[in-house]
There are 2 protein chains.
Amino acid sequence: MKRLIITMLLLGFTATLGGCQMAGHNPHTGKIRHVVMFKFKDDATAEQVAAIEKHFAQLKHDIPEIVDYEWGTNNSPEGLADGFTHCFLVTFNNDAGRAIYLPHPAHKDFVTHLKPILDKVMVIDYTVKTE
Amino acid sequence: MKRLIITMLLLGFTATLGGCQMAGHNPHTGKIRHVVMFKFKDDATAEQVAAIEKHFAQLKHDIPEIVDYEWGTNNSPEGLADGFTHCFLVTFNNDAGRAIYLPHPAHKDFVTHLKPILDKVMVIDYTVKTE
């Protein structure tokens with residue numbers, strides 16, 4: 001019985017680690033990171049910016065190919081952000097996931113709402129390497 | 001005994017999830033992502049660029065405050081990378097970790113080697129949010 005408990009515990013660890021990887025947290029899976037930076041127009045209101053932040057976060061619910069999503073506002077002390085204030089990190093399992101995301105109606109609708117208050121955008125994608 | 005097995009299994013899951021968080025893979029821990037983008041000078045050789053890529057990866061071994069590190073070269077089909085070719089994602093547990101990293105001699109030495117072949121750099125940091 002002791003051996004059974006140990007075996008089931010190991011199964012538990014394995015299953016949970018698998019869950020971590022499937023959630024896109026394992027840098028060894030070769031996932032694609034889609035890094036998006038925004039600078040909003042000076043006359044964009046706090047309410048308009050908050051609506052875009054909320055809208056972007058909604059996309060992970062509308063587009064299952066988004067396997068991980070996070071974002072934040074610039075707090076670098078280095079002063080090298082070129083005016084960009086927002087950074088979003090969207091993760092796809094592979095090229096196919098990104099290929100579904102980019103033309104997805106939910107993404108296109110987001111861009112339509114974004115454009116009127118956007119000053120500039122920068123996007124850089126990479127397939128994750130750790131060495 | 002059945003209840004004991006279930007309890008120990010749950011402990012296993014909890015302990016492993018805790019491990020994921022400690023490894024900096026849980027976006028809910030408020031970690032800082034330090035996003036660094038490079039465009040190298042046109043006359044930088046492939047060997048010089050490869051040496052910088054290797055040097056940056058070495059920093060996680062020299063500076064324990066780097067709790068997660070990944071990077072890659074731009075493969076976005078959108079053409080919005082403003083000439084930047086490299087993106088590095090460095091993770092710190094908090095402001096204190098970043099405050100140790102930025103002036104760290106190993107980081108300063110890296111920058112000294114980088115500058116002669118660097119055309120431009122962009123840096124944006126954010127404390128992770130998921131909604």
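Now for a quick tour of the structure. For every chain, the first residue of its written sequence is number 1, and the numbers climb from 1 along that sequence. Following the order in which they are written, the chains are lettered starting with A and the ligands numbered starting with 1. Only residues with pLDDT of at least 70 get local features here, since the model is predicted, and only at 80 or more are side-chain atom pairs given and counted; chain-wide, interface and lining totals rely on the full set of residues. Excluding hydrogens and water, the side-chain values take into account all heavy atoms of the structure.

## Thoughts on the sheet that holds strand β1 (residues 32–40) of chain B
All names here are of chain B. Pairing in this open sheet of 4 strands is antiparallel, and the strands run β2-β3-β1-β4 from one edge to the other. Looking at strand neighbours, the two that pair on one side only are β2 (66–73) and β4 (118–127), the edges of this open sheet. Averaged over all pairs of adjacent strands, the angle between their axes in this sheet comes to 15 degrees, without regard to strand direction. Here β1 pairs with β4 via 9 bridges, running antiparallel. Across the sheet, residue His-34 finds its bridge partner in β4, namely Asp-125. The contact rule is simple, with two residues in contact once any of their heavy atoms fall within 4.5 Å. Orientation is described by axes fitted as lines to C-alpha atoms, over the contacting stretch for helices, and by angles from 0 to 180 degrees between their N-to-C directions. A run of DSSP states H or I qualifies as a helix once it reaches four residues; a run of E qualifies as a strand once it reaches two. Both are numbered from the N-terminal end. Contacts from helix α2 (residues 46–62) reach β1, β2 and β3 (86–92) within the one sheet, and its direction differs from that of β2 by about 160 degrees. Here, strands pair whenever DSSP counts at least two bridges between them.

## Thoughts on the sheet that holds strand β2 (residues 68–73) of chain A
Residue and element names in this part refer to chain A. Read across the sheet, 4 strands follow the order β2-β3-β1-β4 without closing on themselves; strand pairing throughout is antiparallel. Of all strands in the sheet, those bounded by a partner on one side alone are β2 and β4 (118–127). For this sheet, the mean inter-axis angle between neighbouring strands, taken without regard to orientation, is 15 degrees.

## What to know about the side chain of His-107 of chain A
Residue and element names in this part refer to chain A. Summarising the element assignment, His-107 is placed in helix α4 (residues 105–114). Of the polar contacts made by the side chain of His-107, one reaches the side chain of Tyr-101; its length is 3.4 Å. Beyond its immediate chain neighbours, meaning those up to four positions away, His-107 contacts Leu-59, Ile-63, Tyr-101 and Leu-102. Whenever two N or O atoms come within 3.5 Å, that pair is a polar contact, provided that in protein one can donate a hydrogen and the other can accept it, and provided that, for residues adjacent in sequence, both atoms are side-chain atoms.

## A look at the packing of aromatic side chains
Geometry of aromatic contacts follows a simple scheme: Phe, Tyr and Trp rings, the Trp one being its six-membered ring, pair when their centres are within 6.5 Å, and the pair is stacked under 30 degrees between planes, edge-to-face over 60, tilted otherwise. Tallying each qualifying case throughout the model produces 18 aromatic pairs over all chains. Ring plane angle 45 degrees and centroid distance 4.7 Å describe the contact between Phe-56 of chain B and Phe-110 of chain B, whose orientation is recorded as tilted. Of this pair, Phe-56 of chain B sits in helix α2 while Phe-110 of chain B is found in helix α4 (residues 105–114), placing the two residues 54 residues apart along the sequence. Judged on exposure class, the residue Phe-56 of chain B and its partner Phe-110 of chain B are both buried. One aromatic cluster is present, built from ring pairs that chain together Phe-38, Phe-40, Phe-56, Tyr-69, Trp-71, Phe-88 and Phe-110 of chain A. Exposure categories follow from relative accessible area, calculated using a 1.4 Å probe and restricted to protein chains: below 20% of the type maximum is buried, above 50% is exposed, and the middle band is partly exposed.

## Points about the environment of Ala-96 of chain A
Residues and elements named next belong to chain A. In this fold, Ala-96 is placed in helix α3 (residues 95–101). Look at Ala-96 and you get partly exposed, because its relative accessible area is 47%. Between the alpha carbons of Ala-96 and Lys-31 there is a distance of 11 Å; along the sequence they are 65 residues apart.

## Details of the environment of Met-122 of chain B
Its place among the elements puts Met-122 of chain B in strand β4. The spatial distance from the C-alpha of Met-122 of chain B to the C-alpha of Val-35 of chain B is 8.1 Å, given a sequence separation of 87 residues. Met-122 of chain B has contacts with Met-37, Leu-80, Ala-81, Asp-82, Phe-84 and Met-122 of chain A together with Val-35, Val-36, Met-37 and Phe-84 of chain B, leaving out every residue within four places of it along the chain.

## Comments concerning the pattern of salt bridges
Salt bridges are identified by distance alone: a Lys or Arg side-chain nitrogen within 4 Å of an Asp or Glu carboxyl oxygen. If you walk through the whole model with that rule in mind, you get 14 salt bridges over all chains. Glu-131 of chain B is the salt-bridge partner of Lys-60 of chain A, the closest N and O atoms lying 2.9 Å from each other. Separated into two different chains, Lys-60 of chain A in helix α2 (residues 46–62) and Glu-131 of chain B in the segment after β4 make up a pair that spans both. Across the pair Glu-70 of chain A and Arg-33 of chain B runs a salt bridge whose closest N-O atoms are separated by 2.6 Å. Taken as a pair, Glu-70 of chain A in strand β2 and Arg-33 of chain B in strand β1 lie in two separate chains rather than in one. We note that Glu-70 of chain A, like Arg-33 of chain B, is buried. Overlapping salt bridges, with partners in common, bring together Lys-39, Asp-42 and Asp-119 of chain A in one network.

Fair warning: the whole summary comes from geometry, so function is off the table for now.
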